[in-house]
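Listed here are the chains, written in short residue letters.
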Amino acid sequence: MLMRKVVGLAAIASVLAFAAPATAQEKIKIGVSYPTPTHAWAAGMNWHAEVAEKRLEALYPDVDLILVNSPDPSAQASALEDLVAVHQIDALVVLPFESEPLTDPVLNVKKSGAWITVVDRGLSQPGIEDLYVAGNNPELGRVSAKYMKGRLKDGDNIVILRGIPTVIDNERFDAFMEEIKGSGINVLDHKHANWNRDDGFQVMQDFLSRFPDIDAVWAQDDDIAIGVVAALKQAGRDGNGMFVVGGAGMKQIIKGIMDGDDLIPIDVLYPPSMIATAMDATVAHFKSNGPIAGRYILGATLITPENAESYYFAESPF
Amino acid sequence: MISAPERHARKPSRRYALDLKTLGPALALLLLCVIGFLLNPAFVSEGNLTNLLTRSAFIGIIAVGATFVITAGGIDLSVGSMAAAISGVMIIVMNNVVETIGTGVATVLLGCGLAIVLGIGAGWINGALTTKGKIEAFIVTLGTMGIYRSLVTYFADGGTLALNFDIRGTYRPVYYDSFLGLPFPVWVFIGVAICGWLLLSRTAFGRYCTAIGSNESVARYSAINVDAVKTLTYVIQGLCVSFATIIYVPRLGSASASTGVLWELEAIAAVIIGGTVLKGGYGRIGGTILGALILTTIGNILNFTDMISNYLNGTMQGLIIIVAVLLQRSDWRLGKSRKT
């Protein structure tokens, strides 16, 4: 839209002379495919993808990013076919709905000659993607455990609220347990709270009834953490140095950290903005004089009051 | 199996007063509580029991409405999504009137009033489409389920809708405060249960529901206004969803696409565990209440033990539900005093 206006202005006023040759050139078309947002994290990803699209297209007039979201794996497979057939894309950025069913469709895009960037969820066959951009689930568990070890002492008790039983959840949990081992901190129990506020609230209520002495909570996720905090406040057990560690980087939590919240003093990043990182890197493949290929694993950064501001996006839904 | 005439027998014989059909849910709940206590004495602590009752209130209140719908031979799959959509609209409207009305009681009352209007409206839509539109209830409510679920996702822009912090301060006591030792949601639950019980077993309307569920044609020939009664059952269901929403919103002050997921199935399960017949014609509010308590207790007990793998929670829930229904459905009788 904006581009077209700029072009129109250039044609009429002949002021922006550089715009005309840019549109005359062959455009670099990059398809971006991801699941339709149905939860807050994905909605944040959608927002960041749209922001990156505007920013990159303004920066490079010859780059055209085409954003498509799909409600299920088979719709995503069709969307990939359309990107090749209709738009004849030069590169694809894809966050696969599921690994197995989308491996072949992505391979077909690859065969059309397009450059492939896979985000977050790997394909089931290695070697298809040129670039892999992802968050670091085991690192998220490790960073959380390290923080716990720094704050707690030998003999302190924690409880863990886990996500939905999946590989992601196992990776986070196993790495956390590995790191906490031998520290003398007791993990009283761990239950699934499904990355969900309501479940976080109920599971924490039950933990509070069951264990009279809890010193900290690893909620693994910011939605769960919000439910946990409500349960702690209800039971009046939010004092005495109690703290909750979440994860992801939800804006409300980051705001709280910026304001010096005692109950959720830090957060561990697993950012939905990784889609923007992938889009940037893919564009850089066409624009940079340096090589872009391989694996780009984001760090699970510890967000503290000192650095929180740079991870706060007030406009994002997440 | 229960044969139709037996179910509709107006004068149950005294000999069956101790029949497991009616006692089954109560026994199952008692058994669960004993297990809970043996696993961890903290199970019967005042705090946990209060949590349990408060938590049952959501599903329980919705299940009271579902008892009417199911007794009259219908089904409503849209309740969970409806609760999510109503919470979403409530939050948006309350946030938007802060400028004009402020963050006081008036805003909260406006939100609650709106919830009730929306609930009745949504219920009426389900009912009218079923009766006047002559579409099966399963399909109508499957459709509205999808509509409401995607509406809340749309309102929240895929994310989470959060209630204004100051309004939350005003509204919070509705969930967290108590009266005579019982939290407000439990009082609402008790109120809805008593009204539901009176309506189903002590009024002509209740008998019409049962008659329609048993045999719709016969009910029609008996000069019952079948369409009106059936529509009204969906309206009652919608109203119950509003009440559940009104006590749900102050808990976390937020609504998202994951609000109320699978509530419809939990409500239906509570109704069936309680002894109401899924294909209609027989309903028991008392049983429904016990059913809702049983469902919540299962989840609570599973959180109180680490003996069972987390991955098997669903298995335990499924087993207990089936056993509870088996207890009250099969012809278990104390003594073989009856010939078939």
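Residues numbered from 1 in each chain as written. Chains lettered and ligands numbered in written order. Predicted model: local features only at pLDDT ≥ 70, side-chain atom pairs only at ≥ 80, totals over all residues. Heavy atoms only, no water.

A.B. asks: Account for helix α8 (residues 197–210) of chain A, with residues named and values stated.
C.D. replies: Residue and element names in this part refer to chain A. Between its terminal C-alpha atoms α8 stretches 20 Å, which fits the 20 Å expected from 14 residues at 1.5 Å a residue. Burial runs high along α8: 12 of the 14 residues are buried. What α8 keeps buried is the set Arg-197, Asp-198, Gly-200, Phe-201, Val-203, Met-204, Gln-205, Asp-206, Phe-207, Leu-208, Ser-209 and Arg-210. The N-cap residue of α8 is Asn-196: its side-chain oxygen and the backbone nitrogen of Asp-198 are 2.8 Å apart. (Helix = DSSP H or I, 4+ residues; strand = E, 2+ residues; numbered from the N terminus. Expected span 1.5 Å × (residues − 1). Buried < 20%, exposed > 50% of the residue type's maximum accessible area, 1.4 Å probe, protein only. Polar contact = N/O pair within 3.5 Å; in protein donor to acceptor, adjacent residues only side chain to side chain.)

A.B. asks: With reference to specific residues and values, describe the pattern of salt bridges.
C.D. replies: Applying the stated criterion across every chain yields a total of 19 salt bridges over all chains. Linking Asp-156 of chain A and Lys-153 of chain A is a salt bridge whose minimum nitrogen-to-oxygen distance equals 3.6 Å. Residue Asp-156 of chain A is classed as buried on the basis of its relative accessible area of 10%. According to the relative accessible area criterion, Lys-153 of chain A is exposed, its value standing at 58%. We note a salt bridge from Lys-191 of chain A to Asp-189 of chain A, for which the minimum N-O separation is 3.9 Å. Here Asp-189 of chain A falls in the buried class, since its relative accessible area comes to 5%. One network of salt bridges, in which partners are shared, links Lys-132, Glu-216, Arg-220, Asp-227 and Lys-230 of chain B. (Salt bridge = Lys/Arg side-chain N within 4 Å of Asp/Glu carboxyl O.)

A.B. asks: Any details on a nonpolar patch on the surface? Residues and values, ideally.
C.D. replies: Residue and element names in this part refer to chain B. Nonpolar side chains collect at one region of the surface, where Leu-23, Leu-27, Leu-30, Val-34, Phe-37, Leu-38, Val-44 and Leu-49 lie side by side and expose about 700 Å² of accessible area between them. Of the residues forming the nonpolar patch, the biggest block, six residues, is contributed by helix α2 (residues 20–39). Residue position: Leu-23 is located in helix α2. (Patch = residues over 30% accessible without salt bridge, like charges linked within 9 Å, V, L, I, M, F, W, Y side chains within 5 Å. Areas by Shrake-Rupley, 256 points an atom, 1.4 Å probe, with all protein chains shown as cover.)

A.B. asks: How would you explain the sheet that holds strand β9 (residues 243–245) of chain A if you had to name every residue and give the values?
C.D. replies: Residues and elements named next belong to chain A. Pairing is parallel in the open sheet, where four strands are placed in the order β7-β6-β8-β9. Pairing within the sheet leaves two strands with one partner each, and these edge strands are β7 (186–192) and β9. Along the sheet, successive strands turn relative to each other by an average axial angle of 20°, direction set aside. (Pairing = 2+ DSSP bridges. Axes fitted to C-alpha atoms, helices over the stretch in contact; angles between N-to-C directions.)

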